[in-house]
Amino acid sequence: MTGPAAPSRPLAAPLRRRAHVLRGIGVCFRLALLLPGIAAAQVEAPSSEGTQDRDEAGAPVSAESTPAEPEAPAETRTVVTATRLPRPLRDVPATTVVIPRDEIERSPTLTQDALVRTLPSAATFRRTPSLVADPTAQGLNLRGLAPSGVARGLVLLDGLPVNDPYGGWVFWRALPRLGLDRIEVVPTGGSALYGSAALGGVVQLISQPIVGVIDADVSVGNQGTGFFGARIADRWKRVGISLEAEGLTSDGYRIVPADQRGSIDANTPSKHLTGQARVEVQATDDLLLTARASLFRETQNGGTRYTVASVDLAWFTGSARLRTQDTGTFELGLYGRTQHFAQNRARVSADRDYEIRSAFQDVPANDQGGSLVWTGPNLTLGGTHVLAAGVDARRAAGTAQELLFPATYTPTSIYARTTRGTQLSGGLFVQDLYTVSSALEFAGTLRWDVWRNRDGYQLESRSDGYTTATDFAPRTAGQLSPRLAARLRPLDWLTLRASVYRAFRAPTLNELYRPFQVGTVLTAANPDLDAERLWGTEAGVEALGPGGLIGRITGFWNVLDAPVTNVTLATPLPDGTTRQRQNLGQARVRGVELGTDWRPVRQWTVLAAYTFVDPVVTDAPGQPDLVGRQLPQDPRHRGSLSVTFDEPSLLTATAQLRVVGPQYEDDLNARGMGGAAIVDLFVSRHLFWKVAAFAAVENLFDRSYLAGRAGVDTLAPPFQARVGLRLRDGFNERFSAAERGAPVH
């Protein structure tokens, strides 16, 4: 849908309650400091509670059909993302990381992207969260695979893609948290199952089953932060309905360091509002129908009058799953989206005391798509085979309308530019999940994709009245993506995994046709971009130890051919552009992941993880100075550690340490940014009935560190604290007293 142009002044802020917030937080901190010492790295696998049951096809099982049961141990929890089939987590032949519902509930983070970034293998383009980041700078990357504003990982919500159709961005704040059951992360090439967007892996958000429940969160914090979220759901025999809404507003913070700040620099206010409705109908015992409608609106100010962006989004999905006795399961998914992105850009004086508008962009876009997946019945032939096959297709179209305000007008100055394009894509895959025995399993997958860029067009208008129109020739390309994975369990406590794969990512309409600006740096589009291609392998070991101890180590090696990178030009273009998107040549990204989780007693959980990545350019035709350079925005070291004490009759507290190593802003490695260690805390305490109070802090010690250096330095978030109330009214027996936050006697 089409929304209003971005506002030209900062957003109104909610009432400030800083002193009150800090006093309330202080009480909770004193409780939290009873936790033992905190060291360095966080979560790779789930704890032992918090996931709802699902049937053999991976769908939620309603409370009416399944009595309440104790939660399954983490190693037996069912996941679906790695193979598109429901499998026990321990048996999946690929690295799979899970953030279950209980960890989501007690995370100190406020936004979804910050939550996902607590996994060292996952990151967004820059260190700023979506609370203050421009919507086009929220791209996801996994295992340090060439970060950029465009996501190199696919984000799914209940099996359907949420990546932006025009730019591949991820609007994280459009994904409300209360309705989530878990988040599954597969940080390895996933094109064999999911196509182009899954070059570096897949993150899937899976919704809770629809049962009788009322959930609500409300909180206030410093920086003028206010948050409200609510979800109500119920089921009437064969029909279930869920409604969810979320709103957040913040004054933000001064993102430019004090020694570079000018009179134009102010806070970074933002606000968002999202709502969604979901309906499930069990039409027959074998046919399940679902539908979802979502609306989202956000506005974001980058800290000056003319650095403002807005997004309006409407998203509709529908699915049907049919189980047959003899021919297996068929699942159909359909989706459509319309959205509107608008952005102001500024020209800033060297002393940052003066700015004028340099450009305004208006980008309406839409997409439609669908998929059909068949899962066959078990076949016996030298073991057990489960065959799956699927086909999917997508159409994406968008237009970038740009008004330019040159610093000096001449007869040849370009004052308006319009670009547009359409991308058609589709793929077909087949998979065989072959279980030789309980100790040995193979997964072989093969997929063919084809995409076509068409209707590419650019119109430039000059001050003297002349216009230049350019039609870009249609281009069609294809890609074969194989994957072979194996899982071996020679001993009950020891699991070995290995896989080899090929993946790809087709350039987005944004990369092909839309120029952009970050700070004072202009980057040009490139209609001649080719697809990125990845060859990779991983191998890992998982061991179960005494006292609920689980340890993992995984090594990976990826070679990325022709990555789309913002390359610094030897000579700026006539309009002052200093960078252009180009297929770089080749980059090697290799590394190792370590993870452990330990639950020595029921009340205590310790989760730790560390990721080392060596991301180096190995070939750069025409840019020899880039060879041997570290990929920008890609630290070699990331780690996290969290310690949780959970005794509902007393309190629940989580202390979390996140560590990120040094990295570079640019491809030439000339603008370095130091590392940082950040401590976060979360504390909650039951008050009465089904209401609990909570407090959360991010960056407890107010650690100051850089988030970007694009023309002007920018800072990552400072100390952020909030307090609030939480209602968990599960009026169905599936929701235990502990899950509601009430004391357990």
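Residues numbered from 1 in each chain as written. Predicted model: local features only at pLDDT ≥ 70, side-chain atom pairs only at ≥ 80, totals over all residues. Heavy atoms only, no water.

Some remarks on the overall build of the chain
Right, so step 1: What the chain contains, in helices and strands, is six helices and 41 strands.
Right, so step 2: The 745 residues of the chain split such that 59% are buried.
Right, so step 3: Taking the intrachain contacts of the chain between residues at least 6 apart in sequence as the baseline, contacts between residues at least 24 apart amount to 67%. (Helix = DSSP H or I, 4+ residues; strand = E, 2+ residues; numbered from the N terminus. Buried < 20%, exposed > 50% of the residue type's maximum accessible area, 1.4 Å probe, protein only. Contact = heavy atoms within 4.5 Å.)

Overview of the confidence of the model for the chain
Interpretation of this model should avoid reading the predicted coordinates in detail wherever pLDDT is low.
Right, so step 1: For the chain, the average pLDDT comes to 86, and 87% of its residues sit at 70 or higher.
Right, so step 2: Of the regions scoring below 50 in pLDDT, residues 1-72 engages in 208 contacts with residues more than four places distant in sequence or in other chains. (pLDDT = per-residue confidence, 0-100.)

Some thoughts on the pairing of strand S9 (residues 202-207)
Right, so step 1: Of all six residues in S9, six are buried; the element is thus mostly enclosed.
Right, so step 2: As defined by bridge partners, strand S6 (residues 154-157) adjoins S9 across four bridges and the pair is classed as parallel. Residue pairing for S9: Leu154 is matched across the bridge by Val202.
Right, so step 3: Bridge count between strand S8 (residues 180-186) and S9: six bridges; the pairing is antiparallel. Across the sheet, the residue bridging to Glu184 is Gln204, located in S9. (Pairing = 2+ DSSP bridges.)

Some details on the side chain of His340
Right, so step 1: Looking at where His340 falls in the secondary structure, it is placed in strand S16 (residues 328-348).
Right, so step 2: A relative accessible area of 3% places His340 in the buried class.
Right, so step 3: Among the polar contacts made by the side chain of His340, one reaches the side chain of Asp362 at a distance of 2.5 Å. (Polar contact = N/O pair within 3.5 Å; in protein donor to acceptor, adjacent residues only side chain to side chain.)

Quick look at the environment of Gly730
Right, so step 1: Structurally, Gly730 can be placed in the loop between strand S41 (720-729) and helix H6 (737-740).
Right, so step 2: Separated by 498 residues in sequence, Gly730 and Ile232 have C-alpha atoms that sit 9.7 Å apart.

Here we look at the nonpolar core
Right, so step 1: With 24 residues, the main nonpolar core has Leu140, Val155, Ile183 and Leu205 as its most contacted residues.
Right, so step 2: The set of elements that each furnish at least two residues to this core consists of strand S3 (97-100), helix H3 (112-116), strand S5 (140-142), S6, S8 and S9.
Right, so step 3: Top contributing element to this core by residue count: S8, with three residues.
Right, so step 4: Not counting residues within four places of it along the chain, the set of residues in contact with Leu140 comprises Val116, Ala123, Val150, Ala151, Arg152, Gly153, Val155, Trp172 and Val203.
Right, so step 5: Judged by nonpolar contacts, the second largest core, of 18 residues, contains Phe171, Phe296, Ala309 and Leu509. (Core = buried A, V, L, I, M, F, W, Y, C linked by side-chain atoms within 4.5 Å.)

What to know about the sheet that holds S9
Right, so step 1: Pairing is mixed across the open sheet formed by five strands, whose spatial order is S3-S8-S9-S6-S7. Of all the strands in the sheet, just S3 and strand S7 (160-161) have a single pairing partner and so form its edges.

Some words on empty space enclosed by the protein
Right, so step 1: In the structure shown here, the tally under the stated rule is 15 cavities of 30 Å³ or more.
Right, so step 2: Lining the second largest cavity we find 32 residues, and of these Arg117, Arg127, Arg658, Val660 and Tyr705 sit closest to its centre.
Right, so step 3: Listed by contribution, the elements that provide at least two residues to the lining of the second largest cavity are strand S4 (122-124), strand S33 (637-647) and strand S34 (651-660).
Right, so step 4: Of the residues assigned to the lining of the second largest cavity, the class counts are 16 nonpolar, 10 polar and six charged. (1 Å grid on protein atoms, 1.4 Å probe; cavity = no way out; pocket = protein on both sides within 12 Å on 5 of 7 lines; lining within 4 Å. Points joined across faces, edges and corners; volume = space filled by probe spheres on them. Nonpolar A, V, L, I, M, F, W, Y, C, P; charged D, E, K, R; others polar.)

Remarks on the packing of aromatic side chains
Centre distance and the angle of the planes are the two values used to describe a pair of aromatic rings.
Right, so step 1: All chains considered together, the criterion is met by eight aromatic pairs.
Right, so step 2: Taken together, Tyr166, Trp169, Phe171 and Phe341 form an aromatic cluster joined through their ring pairs.
Right, so step 3: One Lys or Arg, Arg588, reaches over the ring of Trp557 and ends 6.0 Å from the middle of that ring.
Right, so step 4: Over the face of the ring belonging to Phe694 we find Arg726, whose NZ or CZ atom lies 4.8 Å from the ring centre. (Phe/Tyr/Trp six-rings, centres within 6.5 Å; stacked < 30°, edge-to-face > 60°. Lys NZ or Arg CZ within 6 Å of the ring centre and 35° of its normal.)

Thoughts on the environment of Val202
Right, so step 1: With respect to the secondary-structure elements, Val202 resides in strand S9.
Right, so step 2: On the basis of relative accessibility, which here comes to 2%, the residue Val202 falls in the buried class.
Right, so step 3: Measuring from C-alpha to C-alpha, the distance between Val202 and Val186 comes to 5.2 Å, with 16 residues separating the pair along the chain.
Right, so step 4: Look past the residues within four positions of Val202 in its chain and what remains in contact with it is Thr81, Leu142, Leu154, Leu156, Glu184, Val185, Val186 and Tyr194.

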